[in-house]
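# Observations on the three-dimensional arrangement
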Amino acid sequence: MAKAFSGEDAYEDCSQSSNSVEDASDPQQISHIQTLKANYPCLSNLVVGEVERKSEHSDTAQQVCLSAFEGNNDDMVCSHLVDISLASQSGETGSCESPGDSGHVTTTSSLGECHINNLPCELLLYIFSFLSVCELCISVAPVCTAWRDLAKDPSLWTHLVFSFQHCVEGERVRRLLEGSPLLVSLELQNREDSGDLLQQVAASCTKLRELTVKFCDGLTEDTFKLLMENCPDILYLNIEGSYVYGSKSYHMMAGLHQLQYLNLSHCQALDNSGLITIAKQCQSLEYLDIDGITDIHDYAVVCMTKELSHCLKNLFLDGEHLTDAAYQSLQACTKLEKLGVSFCEQMTDSGLSGVSGLKYLTWLKLRKGSQLTPEGLTSLFFNGRLPLLAYVNLGECCLMDDNVLKALSRSCPRLVHLVLHWCWEVTDVGISAVIAACPRLRVLGLVGVVQLTGTAFVDLPSALPDLRILDLEQCNSVDDTILQRIVARKPSLKVLGYWGDPVTPPDTDDDEKDKD
């Protein structure tokens, strides 16, 4: 289980945790804690009260966590908490001490062999390994001196996240990194001191495998040189939206030869030379995101696809300066599973030939393909091509028509997510074909598809049982009463109307008035 201060997806946000023990929903636990406070008011004030006070008034949840290791609790009181909690109902008290040479946490409790502190430290560490860093600091460290020492064990501090929602001062982060020599995964968000912190990472966290530095400043050539020299086994690097100083930084980054995942989306200073160097030196790359980087041209993409054709599975490009030559070279990457191109305004039907043979594609975005004709797009999906596609985004491919959707629906029965924003030539006929042939759809985005009237949606609740979102913003010809009836029949479906507001079921009184 990942240990993290906060963050999204895989990491738990400790600010969402219940830091007050009396917030527990278990009545027995609440009663037990109240008994503790009543019988041991000193303990309540110095331990439970300290955690509650910090969690209510501290600027951030991370500061609560860090305070747990800075000696703010009274060790004499903390050392009795575990035995009091276990023996309060029987009137017994005891104490626990830090592990001695035996590797056990010693205890004077009369509970004997059943006491948790008779377990070897290795077993306690294993138990604690299932807890997040937040839980270690809030729930484990204040229990007693021994548990606080175990909670600080580097083997438990392998995943750290410092999110933009909870700012922790740089010196505290630096000390924490210094004390985490077994750190495997680190995420920094929206920080100006990331360069300095990464220097500490290079000095202390040589076992690092995953590094995320999103929307940060201070990434220089020297930063990546230190990482290359001291953390050579990094497999995952995400610097999305960060400011990178100078194109030479990317040449130094290419020294991380073990990279399998690289996200450079919307970064500064990456040019053709940097991309070529990365492609030649990082020969294990499976994921590459350079969307939002406009200073890339055909010859760099051609070289990249040639060098990485044996391993690349996920590729995201910005097509501002790319032409058919770059897109045709994609056919060499036969293992591609996800392909995204933003602003592919210079792609023509000829460029689609590099995509049509990618039989393992499950995810495809070709946005702003203003030169892609209905014939070319129909050919892309002709005769069962791209049968594994589950996600398709053809937004702003303004020439696309109903014939394309008929071909797509026949070729892609596994479709789950379809986006057709601002495809003006699409009508209810094409959408009806999709609804009939793609029963797994969960998201259907139709913003600005102005020819829709809504007749295609009449049987939608039964035809698409898994549909969760239907986006019809700026569709000014759709009959609102049809949408209201759909929502009434399928309450779990979120339908967005012309102004982007959720459509609600018709009012019962209004229905009766209409009948009258």
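For the structure, see preceding data.
Reference entry: report on the structure contained in this document.

Cut-off values and rules
- Residues numbered from 1 in each chain as written.
- Predicted model: local features only at pLDDT ≥ 70, side-chain atom pairs only at ≥ 80, totals over all residues.
- Heavy atoms only, no water.
- Phe/Tyr/Trp six-rings, centres within 6.5 Å; stacked < 30°, edge-to-face > 60°.
- Helix = DSSP H or I, 4+ residues; strand = E, 2+ residues; numbered from the N terminus.
- Buried < 20%, exposed > 50% of the residue type's maximum accessible area, 1.4 Å probe, protein only.
- Lys NZ or Arg CZ within 6 Å of the ring centre and 35° of its normal.
- Axes fitted to C-alpha atoms, helices over the stretch in contact; angles between N-to-C directions.
- Parallel < 35°, antiparallel > 145°, perpendicular 65-115°, else oblique.
- Left-handed = near helix turned anticlockwise from the far one by under 90°.
- Contact = heavy atoms within 4.5 Å.
- Nonpolar A, V, L, I, M, F, W, Y, C, P; charged D, E, K, R; others polar.
- Core = buried A, V, L, I, M, F, W, Y, C linked by side-chain atoms within 4.5 Å.
- Pairing = 2+ DSSP bridges.
- Right-handed = clockwise from strand over helix to strand, strands pointing away.

## Examining the packing of aromatic side chains
In total, this model carries 9 aromatic pairs according to the counting rule given. Relative to W147, the ring of F128 lies with its centre 5.2 Å away and its plane at 70°, an arrangement referred to as edge-to-face. With F128 in helix α6 (residues 121-128) and W147 in helix α8 (residues 145-151), the pair connects residues that are 19 residues apart, well separated along the chain. Residues F128 and W147 agree in their burial class; the two are buried. On the numbers, 4.7 Å between centres and 70° between planes, the contact of Y243 with Y245 is edge-to-face. In this structure, R367 packs its charged tip against the face of F343, placed 4.9 Å from the ring centre.

## Considerations on the packing of helix α9 (residues 170-178) against helix α10 (residues 194-204)
Direction vectors running N to C along α9 and α10 enclose 15°, while the axes themselves pass 9 Å from each other. If you check the angle between α9 and α10, you find them roughly parallel. As α9 packs across α10, the resulting crossing turns out to be right-handed. Contacts between α9 and α10 pair G170, V173, R174, L177 and E178 from the former with L197, Q200, V201 and S204 from the latter. Looking at side-chain class alone, the contact of α9 with α10 contains 4 nonpolar, 3 polar and 2 charged residues.

## With respect to the nonpolar core
If you look at the biggest cluster of nonpolar residues, it comprises 132 residues, and the most contacted ones within it are L264, I431 and F457. A total of 5 residues in this core trace back to one element, the largest contributor, which is helix α14 (residues 298-308). Excluding its chain neighbours within four sequence positions, the residues that come into contact with I431 are L405, L420, V426, L444, L446, L452, A456 and F457. Membership of the second largest hydrophobic core comes to 5 residues, among which are Y261, Y287, F316 and W363.

## Focus on the pairing of strand β7 (residues 314-318)
Where burial is concerned, most of β7 is hidden: 5 out of the 5 residues are buried. With burial as the criterion, each face of β7 is covered, one bearing N314, F316 and D318 and the other bearing L315 and L317. In terms of strand pairing, strand β6 (residues 287-289) meets β7 through 3 bridges, oriented parallel. Among the inter-strand pairings, D289 is bridged to a residue of β7, identified as F316. Note on the crossover from β6 through α14 to β7: the handedness is right-handed. Of the strand pairs in this sheet, β7 and strand β8 (residues 338-342) are connected by 5 bridges, and their pairing is parallel. Bridge pairing in β8 places L317 opposite V341.

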